[in-house]
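One letter stands for each residue in the lines below.
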Amino acid sequence: MPTKIGHVEAIYRYPVKSMGGERLEAAEVGWHGLEGDRRLAFRRINDRGGFPWLSASKLPELVLFAPQRREDNAPGDLPSHVRTPDGQEMPIFGEELDAEVGRRYGAPVQMMQMKHGIFDEASISVIASDTVGEIERLAGRSLDIRRFRPNVVVRLLRPGAFQEDEWVGGMLRFGEGDDAPAINVTMRDLRCSMVNLDPDTASSAPEVMKAIVRANQNTAGIYGTVTRTGRVAVGQTVVLHAAGRTISERPDRLEL
């Protein structure tokens, strides 16, 4: 039976991979995650590997760059400019921004746009605020939830950290009705050094990742794939359908 587990507490979108994010009251969920999420990234021009994207694990101060939107020339959900840590605003596809990030990184980079997004594992990430609170306690410091770069933050009805592990294999629905967006929970979110970075200063606190390793095998939150599109909004009910049943509108997915 479907179980109501909480409410949507916050929604975040990250237009440029590893740059600062946007907090939203609502967002459209498409087949490739939140519309406008991680559709842009810097490509390391001299990298010939399978994952050429520049991330904050290689350039921590990338989190201090803030995508900006100007109504006069922003295409769709994409930002038109980026504000640098020094306060300068540069066009997002301009040579000036490429040069500024390349200078800080120490090698040439180029802004790229990917239609379906640039994700490490899956297109939607979810974490419970109780989980962040427990990591705070174990790390011995206050933590901004932006360190965890979630798309959806859930306020649980049943208190307790790391409940997300119980959702793997099941389905989460955001809101009521037949048109509510839904995701299949595919895996636990294995954390990297990004969680150590303060989103406002880029300073590193290794005790954060160490706390996650000790508490939950270095996982916090989950990844999911979209099985029904729709609109997710703060305050919506979050419902868990246990493993063994999925909801899908996609022709390449089976109803179980």
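These numbers come from a predicted model, not from an experiment. (Residues numbered from 1 in each chain as written. Predicted model: local features only at pLDDT ≥ 70, side-chain atom pairs only at ≥ 80, totals over all residues. Heavy atoms only, no water.)

Caption draft 1: How the structure looks around the sheet that holds strand β6 (residues 66–68). Across the sheet, which stays open at both edges, the three strands sit in the order β6-β7-β8 with antiparallel pairing between neighbours. The sheet terminates laterally at β6 and β8 (89–91), the two strands that pair on one side only. Averaged over all neighbouring strand pairs, the angle between strand axes comes to 30°, with direction disregarded. Strand direction decides the pairing type here: strand β7 (residues 81–83) and β8, joined by three bridges, are antiparallel. (Pairing = 2+ DSSP bridges. Helix = DSSP H or I, 4+ residues; strand = E, 2+ residues; numbered from the N terminus. Axes fitted to C-alpha atoms, helices over the stretch in contact; angles between N-to-C directions.)

Caption draft 2: Broad picture of unusual backbone geometry. For Arg 38, which is not glycine, the phi dihedral falls at a positive 55°. When you line up the elements, Arg 38 lands in the loop between β4 (33–34) and β5 (40–44). Its relative accessible area of 12% is what places Arg 38 among the buried residues. Unusually for a residue other than glycine, Gln 217 sits at a positive phi of about 55°. As for its placement among the helices and strands, Gln 217 is situated in the loop between α3 (207–216) and β14 (219–228). (Buried < 20%, exposed > 50% of the residue type's maximum accessible area, 1.4 Å probe, protein only.)

Caption draft 3: Structural detail: the pattern of salt bridges. Under the criterion given, the structure shown has 19 salt bridges. Salt-bridge contacts for Glu 100 lead to Arg 104; the nearest nitrogen and oxygen are separated by 2.8 Å. Highlighted residues: Glu 100 and Arg 104, both in helix α1 (residues 95–105), separated by four residues, approximately one helical turn. Arg 104 shares its class with Glu 100; the two are buried. Residue Arg 173 is joined to Glu 176 by a salt bridge in which the shortest nitrogen-to-oxygen separation is 3.3 Å. (Salt bridge = Lys/Arg side-chain N within 4 Å of Asp/Glu carboxyl O.)

Caption draft 4: Spatial organisation of the sheet that holds strand β3 (residues 26–30). One open sheet accounts for three strands, arranged β4-β3-β15; its pairing is antiparallel. Where the open sheet ends on each side, the last strands, each with one partner, are β4 and β15 (230–233). Sheet topology note: the β3/β4 ladder contains two bridges and is antiparallel. Paired with Val 29 across the strands is Leu 34, a residue of β4.

Caption draft 5: Fine view of the nonpolar core. Within the largest apolar cluster, 23 residues are counted, with the highest numbers of intra-cluster contacts made by Val 126, Trp 167, Leu 172, Phe 174 and Ile 183. Counting residues per element, the ones that place at least two in this core are β1 (3–13), β3, β10 (124–128), β11 (152–156), β12 (171–174), β13 (182–190), β14 and β16 (237–241). Residues within four places of Trp 167 in sequence aside, it is in contact with Ile 5, Val 126, Leu 156, Leu 172, Val 185, Ile 222 and Leu 240. Counting residues in each nonpolar core, the second largest holds 18 residues, with Tyr 12, Ile 127, Leu 143 and Val 208 among its members. (Core = buried A, V, L, I, M, F, W, Y, C linked by side-chain atoms within 4.5 Å. Contact = heavy atoms within 4.5 Å.)

Caption draft 6: How the structure looks around helix α2 (residues 129–139). Listed in full, the buried residues belonging to α2 are Ser 129, Thr 131, Val 132, Ile 135 and Ala 139. The buried residues of α2 occupy an angular sector of 155° when the element is viewed end-on, so they sit on one face. In the core, the buried residues of α2 are packed alongside β1, β10, β11, α3 and β14. Taken from the residues just after α2, Gly 140 is the one with a positive phi, measuring 70°. (Arc of directions from axis to C-beta.)

Caption draft 7: Representation of the environment of Thr 131 in the model. Along the polypeptide, Thr 131 turns up in helix α2. Taking the C-alpha atoms as reference points, Thr 131 and Asp 178, separated by 47 residues in sequence, lie 29 Å from one another. With residues up to four places along the chain from it excluded, the contact list for Thr 131 reads Ala 161, Phe 162, Gln 163, Glu 164 and Ala 220. Of the polar contacts made by the side chain of Thr 131, one reaches the side chain of Glu 164; its length is 2.9 Å. (Polar contact = N/O pair within 3.5 Å; in protein donor to acceptor, adjacent residues only side chain to side chain.)

Caption draft 8: Expanded view of the pairing of β10. With five of five residues buried, β10 is to be regarded as a mostly interior element. Neither face of β10 is open: one carries Ile 124, Val 126 and Ala 128, the other Ser 125 and Ile 127, and all of them are buried. Judged from the three bridges that link them, β10 and β14 form a sheet pairing that is antiparallel. Its bridge partner lying in β14, Ser 125 is registered against Tyr 223. Strand direction decides the pairing type here: β10 and β11, joined by three bridges, are parallel. Its bridge partner being in β11, Val 126 is matched across the sheet by Val 152. Between the parallel pair β10 and β11, the chain is carried across by α2, and the sense of this crossover is right-handed. (Right-handed = clockwise from strand over helix to strand, strands pointing away.)

Caption draft 9: How the structure looks around the confidence of the model for the chain. Overall, the predicted model of the chain reaches an average pLDDT of 92, with 93% of residues at or above 70. In the model, residues 245–256 has pLDDT below 50 throughout and makes 25 contacts with residues more than four positions away in sequence or in other chains. (pLDDT = per-residue confidence, 0-100.)

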